[in-house]
Amino acid sequence: MKNKAAPPSQGPLQFIDLFCMGLSPMAILGFVIFLIIILSGLIGHVSLIQQYETRGRETTAKILYAPAPDSEYLFVKYNGTGGQVEDGFVRTRYYRPETIAQYREGQFIQVYILPERVEHEVIPVADFDEFRAYRGYWQGMWIPLLVSYLVVIVRPELLYLGLTDRGGKR
Amino acid sequence: MSAQAMVFFLTGMFLEVIWLWMDAHLTPRLQKNPLLGLLVQPRWLAAIGLIGLAGAITAILDALGVSQRVYIDTVWVMLPTVALGVYIAFAGMVTGELLPRVNEQSVLAVQLILIVHQAFEGNLFEPLTLVLVVLPAAVVFYLTIRQSSTPPTVKALVYFWYLLSLLVLGFQSEQMAFFSAKEFTLFEGLVFGMLLVFLIVHGLFAIRFFLMISSLILPRNRAYLPQVMPVIYYDEQAPTAVFMVTTGLLLGTLAALRLFEIENSLLWLDIAVILSVQVFFHAAAQPGKPSTKTLQ
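Participant: Any chance you could break down the overall build of chain A for me, citing the residues and the numbers?
Facilitator: Regarding its fold elements, chain A presents four helices and five strands. Secondary structure of chain A in N-to-C order comes out as α-β-β-β-α-β-β-α-α. A globule of 170 residues ought to have a C-alpha radius of gyration of about 15 Å, yet chain A, at 26 Å, is considerably larger. Expressed along its principal axes, the backbone C-alpha trace of chain A runs to roughly 90 × 45 × 20 Å. Counting across all 170 residues of chain A, residues that qualify as buried make up 19%. Counting contacts in chain A only where the partners sit at least 6 residues apart, residues at least 24 apart contribute 67% of the total.

Below, the structure is given as C-alpha cells:
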C-alpha cells in the first residue's frame, strides 16, 4: 500500500494548519487593526496623563448626583479658572467600581482640570493613580489580537508576498 | 492649514511614495564616483518635477488671491489622501511595492542621528533610548566595520530593531506637536507629508517584520527569511571615507542647529533621517561585502 494513513495525532494538526491557512489574510488585517486600536488607546491615554500632569490645575468640585452603578459619567460642578462655576464630569471607566461607589451626592472633592480642553473632564486628585493605571483599552481587544497573531505565525506566507519572488528585478 | 501648504503636504506624501516605490523597483547603478552616484538619481528628477508642479500650483493660487482654509475632509484633500492611505496599507503589509531598503551604513547613520538628538534632549541614558537606539548602534557599528557578510537572521533582527528605533523619532514630544499642528509653512508641509508616509510605511513594516520574526518559531517557516533579507537589507556599502564624511557632516550640522538654537531643528532631523535611508548611502553604495546569498 503506497499511501500510509496519517497518525491519529496528525489529523487535528492538519485541520488547525488548514484553518490557519484559510484565515491568514483576515488574521493579518485583524492583527494590524487590533494593534492600531490598542496603540491608539495607549497613546491617547498616555498623552492625557501627560496633559493633566503638566498643564492640569487643581480645583474644588461638587458631585451633583449619587453615582448610578452602570453610569459612564459622574457629573460635577467645579470652580473654573476664571472663577466661574462650570459643568464637568468624571469618566467612571478609569476607576474601580468601589472607588466610584464611595462618592456621595453633594460631596466636595479636589479634582484636576484642563482649562484649554473643550471636554470638561475632571480627574479626582485622590484617584489620579487609578486613572494613571487604567488599561481598559486592552479590554475586548487582546484575545482577537492574540488569536490573529497565532494564526499568522502558523501560516505567515502572505507576509512574504512581493518580497521573495523578485528574482529578475534586482 | 492654507490651501498652498496643503498642496505641499500632499506633494510630500506623493514624493515619499514615489521614492519608496523606486527603492522597490529600481536597482541603483553602482558608480565608481560616489558623488556622481549621489547626484545621478531618478529620485531627484521626481523631487524636482513634483516640487516644481506644487510651486506652480501655489503660484497660481497666490495669483488668484486664494486664501481658503482647507481641512482633511475637504474633497480635493480627502480623496487623494484616502486613496494613498489604502494603497500604502495594502502595499506595506502584503506586497513589496513600497520597500524601505537599508544597508548597515544607513541604519548606523540613522542610529547616530537619533543618538545626537536624544543627547541634546537629555534623554540619552533613559532605558528606552539605550535599548532602542544606543545598543543597536553599537551592534550595527560592529557589523559595519567587519568585512564578512551578516547572516540573514541577524539582519532581520537588526532591521526590526532599526524599525523600532524609528518609532523614537515619531514619538518625540515636539514631533507629536508637529503632527497636531494646524498651520504649516510650505516647507513644513512638504517635510511633514514625506515624514508621515515614511513613518507609516516603516510602522507597517515593523508590524510585518514582528510577525515574520515570530513565525520563525516554527522550523518550516525559516526557509523564507534568507530569500527576503537580501532584497530589504543589501550588502553594498559606500566607501568608508564617504560614509564618515557624510555622516560627520550630517551630525555636525544637526549639532550646530541645536547649539545655536535654530528654529525647526526637528524638521532638519527628519530630513536627515529620510535622506540617510533613501539617498546618501543608497546612492553611494559600492560592491563591498560578499553577498549574503553565498551564505544560504
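Participant: Lay out the nonpolar core with the relevant residues and their values.
Facilitator: Among the nonpolar cores identified, the biggest contains 81 residues, and I113, Y159 and Y162 of chain B are the most heavily contacted of them. Per-element tally for this core: the top contributor is helix α9 (residues 186-215) of chain B, with 16 residues. Ignoring sequence-local partners within four residues, the contact set of Y162 of chain B consists of V102, V107, V110 and P136 of chain B. Membership of the second largest hydrophobic core comes to 14 residues, among which are I100, V111, Y112 and I123 of chain A.

Participant: Which residues make up the interface of chain B and chain A, and what are the values?
Facilitator: Contacts between the two partners involve 20 residues from chain B and, on the opposite side, 18 residues from chain A. Put simply, the parts of the chain that give the side of chain B that touches chain A at least two residues each are α4 (75-94), α9 and α10 (225-232) of chain B. When residues of the side of chain B that touches chain A are assigned to their parent elements, the largest contribution, six residues, is made by α9 of chain B. Looking at side-chain class alone, the side of chain B that touches chain A contains ten nonpolar, eight polar and two charged residues.

Participant: Account for the environment of I217 of chain B, with residues named and values stated.
Facilitator: Turning to its location among the elements, I217 of chain B is positioned in the loop between α9 and α10. Note: C-alpha distance between I217 of chain B and F280 of chain B (63 residues apart in sequence) is 36 Å.

Participant: Which residues make up the pairing of strand β4 (residues 108-113) of chain A, and what values do they have?
Facilitator: Here six bridges tie strand β1 (residues 57-63) of chain A to β4 of chain A, and the two strands are oriented antiparallel to one another. Directly across from T60 of chain A, in β4 of chain A, lies its bridge partner Q110 of chain A.

The rules behind the values
Residues numbered from 1 in each chain as written. Chains lettered and ligands numbered in written order. Predicted model: local features only at pLDDT ≥ 70, side-chain atom pairs only at ≥ 80, totals over all residues. Helix = DSSP H or I, 4+ residues; strand = E, 2+ residues; numbered from the N terminus. Rg over C-alpha atoms; globule rule 2.2 N^0.38 Å. Buried ≥ 20, exposed ≤ 12 C-beta atoms within 10 Å, placed from the backbone. Contact = placed C-beta atoms within 7 Å. Core = buried A, V, L, I, M, F, W, Y, C linked by C-beta atoms within 7 Å. Nonpolar A, V, L, I, M, F, W, Y, C, P; charged D, E, K, R; others polar. Pairing = 2+ DSSP bridges.

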